[in-house]
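The primary structure of each chain is shown beneath.
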Amino acid sequence: MRKLIIANWKLNPLTLASAQQLAASVGSSKHEVVICPPSAFLAQIKVPILGAQDCFWKLKGPFTGETSPAQLKDLGVRYCIIGHSERRALGETDDMVAAKLQALLEQGITPVLCVGFGTTVGEDKLDVTEALRPQLDSALRDTDPKKVVVAYEPVWAIGTGKPATSEHAEQIALFIKTKYGIEKVLYGGSVNGVNAQEFLSQNHIDGLLVGSNSLIPDEFNKIITS
Ligand code: PGA
């Protein structure tokens, strides 16, 4: 079944030449594969589907250092990650994430809303859903949930080499779909070439958000051919 696989390169690599090399190493896939390079390289990366890692909630004006969703649209960006744990750790609030989500929808860019910041190791469903609720309630208020992709990324699984179990991720994906009417839920956190298939074979997991292993061509190509 065709799923959605998103590569989040984060603040890597350091030169345009290596970014172009990395983009060129992405093989073909039956899945929808989206590459999110650092914003500095967005205009010069050739990939079938381009994504961004973040954006601002205003389109233009005196906002030094920010990136407008209108600029992303102009560059052909089709998906934009918002609310990543690494941004929430820098102080991004639920209100900011909600405003970004609206601004993206107005530009016709699909928001990839990350939730999972504030979860702690342990897979008690009630604890996890309590942590996710404010993040989902705030961002999805007055929004058509069918236009939003949600990525469940338990913060303890990000970049640690310790993924959640596929059973846990499946349970939480089902909760997000049932409670919020979301149609596409991704799992992210220590996805690699070995465990990708297990996540992708779950009924309610519609794809993956991949960090570290999207920087390793062999590993990423294994993931997208899973
Ligand atoms: P990871 O990161 O794959 O390195 O765990 C995932 C993410 O932060 O989106």
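Going by the structure above, here's the rest.
What counts and how
- Residues numbered from 1 in each chain as written.
- Predicted model: local features only at pLDDT ≥ 70, side-chain atom pairs only at ≥ 80, totals over all residues.
- Heavy atoms only, no water.
- Helix = DSSP H or I, 4+ residues; strand = E, 2+ residues; numbered from the N terminus.
- Rg over C-alpha atoms; globule rule 2.2 N^0.38 Å.
- Buried < 20%, exposed > 50% of the residue type's maximum accessible area, 1.4 Å probe, protein only.
- Areas by Shrake-Rupley, 256 points an atom, 1.4 Å probe, with all protein chains shown as cover.
- Near = heavy atom within 4 Å.
- Polar contact = N/O pair within 3.5 Å; in protein donor to acceptor, adjacent residues only side chain to side chain.
- Nonpolar A, V, L, I, M, F, W, Y, C, P; charged D, E, K, R; others polar.
- Contact = heavy atoms within 4.5 Å.
- Phe/Tyr/Trp six-rings, centres within 6.5 Å; stacked < 30°, edge-to-face > 60°.
- Lys NZ or Arg CZ within 6 Å of the ring centre and 35° of its normal.
- Axes fitted to C-alpha atoms, helices over the stretch in contact; angles between N-to-C directions.
- Parallel < 35°, antiparallel > 145°, perpendicular 65-115°, else oblique.
- Left-handed = near helix turned anticlockwise from the far one by under 90°.
- Core = buried A, V, L, I, M, F, W, Y, C linked by side-chain atoms within 4.5 Å.

J.: Tell me about the overall build of the protein, and please be specific about residues and values.
T.: Counting secondary structure elements, the protein contains eight helices and eight strands. What you see for the protein is a C-alpha radius of gyration of 16 Å, in line with the 17 Å of a compact globule of 226 residues. Dimensions of the protein, computed from the C-alpha atoms along their principal axes, are close to 45 × 40 × 30 Å. Across the 226 residues of the protein, 52% fall into the buried class. Surface exposure of the protein reaches about 10,400 Å², of which carbon and sulfur atoms provide 53%.

J.: Go over the site of the ligand with me, naming the residues and quoting the values.
T.: Around the ligand lies a shell of 13 residues, among which Lys10, His84, Glu153, Gly159 and Ser212 are the nearest. One nitrogen or oxygen atom from the main chain of Gly211 is found 2.8 Å from an oxygen atom belonging to the ligand. A distance of 2.3 Å separates an oxygen atom of the ligand from a polar atom in the side chain of Ser212. Expressed as a share of its isolated accessible area of 280 Å², the protein-covered part of the ligand is 99%. Its residues assigned to classes, the shell around the ligand shows four nonpolar, seven polar and two charged.

J.: Got a sec to walk through the environment of Gly159? Specific residues and values, please.
T.: Its place among the elements puts Gly159 in the loop between β6 (149–152) and α6 (166–180). Classification of Gly159 as exposed rests on a relative accessible area of 62%. Sequence separation between Gly159 and Ser212 is 53 residues; the distance between their C-alpha atoms is 6.6 Å. The residues touching Gly159, leaving out its near neighbours within four places in the chain, are Ser190 and Ser212.

J.: Which residues make up the side chain of Ser68, and what values go with them?
T.: As for its position among the elements, Ser68 is in the loop between β3 (50–52) and α2 (69–74). What makes Ser68 buried here is its relative accessible area of 5%. Polar contacts involving the side chain of Ser68 include one to the main-chain amide nitrogen of Ala70, which spans 2.9 Å. Those residues in contact with Ser68 that lie beyond four places of it in its chain are Lys58 and Leu59.

J.: Just give me the short version of the packing of aromatic side chains, but keep the residues and values in it.
T.: Per the stated rule, a full pass over the model turns up four aromatic pairs. Plain terms: the ring middles of Phe56 and Trp57 are 4.3 Å apart, the flat faces sit at 35 degrees to each other, and that makes the pair tilted. Phe56 sits in the buried class, given a relative accessible area of 8%. Ring plane angle 85 degrees and centroid distance 6.1 Å describe the contact between Phe175 and Tyr180, whose orientation is recorded as edge-to-face. We note that Phe175, like Tyr180, is buried. The rings of Phe56, Trp57 and Phe63 are connected pair by pair, giving a single aromatic cluster. Sitting over the face of the ring of Tyr180, Lys179 holds its NZ or CZ atom 5.1 Å from the ring centroid.

J.: Describe the packing of helix α4 (residues 94–107) against helix α5 (residues 125–140), listing the residues and the values that go with them.
T.: Direction vectors running N to C along α4 and α5 enclose 40 degrees, while the axes themselves pass 8 Å from each other. Here α4 lies oblique to α5, going by the angle between them. α4 and α5 meet at a crossing whose hand is right-handed. Touching Asp94, Asp95, Ala98 and Leu101 of α4 are Pro134, Gln135, Ser138, Ala139 and Leu140, all from α5.

J.: So, the nonpolar core: which residues are in play, and what are the values?
T.: Membership of the largest hydrophobic core comes to 55 residues, with the highest contact counts inside it found for Leu113, Leu136, Ile176, Tyr187, Leu208 and Phe220. Considering every element that reaches this core, the biggest residue donor is α6, with six residues. Judged by nonpolar contacts, the second largest core, of 13 residues, contains Leu4, Ile6, Cys114 and Val149.

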